[in-house]
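Here is what each chain is made of, one letter per residue.
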Amino acid sequence: MNSQAPQSATLGADLRALRKARGLTLTEIATRLDRSVGWLSQVERDLSEPSISDLRQIAECLGVPMSMLFAHSAAPANELGYVVRAGSRRPMGSNEEGLIEELLSPDLTDDFEMVHSTFEPNSRMQTPANRPTQEVGYMISGRLNLTIGSREFLVGPGDSFRIKHEPYQWANPYDEPAVAIWVIAPPVY
């Protein structure tokens, strides 16, 4: 049995993973923040703690909601990096279009992320997304209309789907929520 613990779920590790997933260098982010590369490097290694203003600017640079950076739960030490309890999931996204997302992965340091998505009744994605990712979704409940590239699909409980470097859009025109589990590689949140 491997006795080494996984890389712990820290703010710095998540910031580094998000920066790399966006193909940004320390220098690019530091310039946008008007901070030194050394300071940002220390933040990513958890040697320096950013202020609330710094976190707001970093979240904006990385295109994530501020809540994503605050939501590190106080899990027991023996569970960090291994277990995410149902009541401790980190919220993601802004819920602007009727999509509620929670991170199921312990952190953002893996080669993929796992997300619990709830699509509210009568909601839809306003603008198609086109991310440099591979995504697989599994429908737990409800129904969802998906457009992947130029193809349209209706998916329901037990169905799964893949989006691979193609524009996509979703809609839930139905009266019940749709719930899906998504695996996204590389992590984008």
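So, here's what we can say about the structure. Keep in mind that what you see is a predicted model, and the values were worked out from it rather than measured.

Rules behind the numbers
In this numbering scheme, every chain counts its residues from 1 along its sequence in written order. Owing to the predicted nature of the model, reporting of local features is limited to residues with pLDDT of at least 70; listing and counting of side-chain atom pairs is limited to 80 or more, with chain, interface and lining totals taken over all residues. Excluding hydrogens and water, the side-chain values take into account all heavy atoms of the structure. Helix numbers and strand numbers start at the N terminus; a helix is a DSSP run of H or I with at least 4 residues, a strand a run of E with at least 2. Only heavy atoms enter the contact rule, under which two residues are in contact if any of them lie within 4.5 Å. Here, any two strands with at least 2 DSSP bridges between them count as paired.

1. As for the environment of Leu69
Then, number 1: Among the structural elements, Leu69 can be located in helix α5 (residues 66-70).
Then, number 2: A sequence separation of 54 residues divides Leu69 from Leu15, and the C-alpha atoms of the two residues are 8.2 Å apart.
Then, number 3: Beyond its immediate sequence surroundings of up to four residues, Leu69 is in contact with Leu11, Leu15, Leu18, Leu55, Ile58, Ala59 and Val64.

2. Examining the side chain of Ser123
Then, number 1: Structurally, Ser123 is set in strand β4 (residues 123-124).
Then, number 2: Not counting residues within four places of it along the chain, the set of residues in contact with Ser123 comprises Glu97, Gly98, Trp170, Ala171, Asn172 and Pro173.

3. So, unusual backbone geometry
Residues other than glycine predominantly adopt negative phi, and peptide bonds predominantly adopt the trans conformation.
Then, number 1: A cis amide bond links Ala185 to the next residue, Pro186, at an omega of -10°.
Then, number 2: Along the polypeptide, Pro186 turns up in the segment after β10 (178-185).
Then, number 3: The backbone phi angle of Asp46 is positive, close to 60°, even though this residue is not glycine.
Then, number 4: Here Asp46 shows up in the loop between α3 (37-44) and α4 (52-62).
Then, number 5: The backbone of His165 shows a phi angle near 55°, a positive value even though the residue is not glycine.

4. What about the sheet that holds β4?
Then, number 1: Reading across from one edge, β4-β9-β6-β7 is the order of the four strands in this open sheet, with antiparallel pairing throughout. This sheet does not close on itself; its edge strands, each paired only once, are β4 and β7 (151-155).
Then, number 2: Bridge analysis of strand β6 (residues 144-148) against β7 gives five bridges, and the strand direction is antiparallel. Paired with Asn145 across the strands is Leu154, a residue of β7.

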